[in-house]
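What follows is the residue order along each chain.
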Amino acid sequence: MTAVKDDISEMKKDISGLKEDVSGLKEDVSSLKEDVTELREGQARIEKKLDAVYEQTAELTEFQDRDQIGLGGNQGNPEVCSQ
């Protein structure tokens, strides 16, 4: 009978240890969820900045193309300047 009581006591200790482990894992999962949320928000900010850079680059390229076609484009061309 004492052996059974000892086994039950040992199982209770094991269960208590497992509960602590589960509690720690739940905290880790919660922390990871927060990290994922922060990473997604950061990714969204980066994508928004990249979109702005892409648009600015496209506008700059368009401006340079218009400048080369318009008045500024003939300045370096000796054939056009001599006419």
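**Notes on the overall build of the protein chain**
And step 1. Across its full length, the protein chain holds 2 helices and 0 strands.
And step 2. For the protein chain, with 83 residues in total, the buried portion stands at 1%.
And step 3. About 8000 Å² of surface is accessible on the protein chain, with carbon and sulfur atoms providing 56% of the total.

**Brief notes about the pattern of salt bridges**
And step 1. Tallying each qualifying case throughout the model produces 1 salt bridge.
And step 2. Residues R66 and E62 are paired through a salt bridge, measuring 3.8 Å at the closest nitrogen-oxygen approach. Within this pair, R66 and its partner E62 are both found in helix α1 (residues 2–69), separated by 4 residues, close to a single helical turn.

**Quick notes on a negative patch on the surface**
And step 1. Negative charge collects at one region of the surface, where D6, D7, E10 and D14 lie side by side.
And step 2. Residue position: D6 is located in helix α1.

Each value, and the rule that gives it
- Residues numbered from 1 in each chain as written.
- Predicted model: local features only at pLDDT ≥ 70, side-chain atom pairs only at ≥ 80, totals over all residues.
- Heavy atoms only, no water.
- Helix = DSSP H or I, 4+ residues; strand = E, 2+ residues; numbered from the N terminus.
- Buried < 20%, exposed > 50% of the residue type's maximum accessible area, 1.4 Å probe, protein only.
- Areas by Shrake-Rupley, 256 points an atom, 1.4 Å probe, with all protein chains shown as cover.
- Salt bridge = Lys/Arg side-chain N within 4 Å of Asp/Glu carboxyl O.
- Patch = residues over 30% accessible without salt bridge, like charges linked within 9 Å, V, L, I, M, F, W, Y side chains within 5 Å.
- Lys, Arg positive; Asp, Glu negative; His and termini not counted.
- Charge placed at Lys NZ, Arg CZ, Asp CG, Glu CD.

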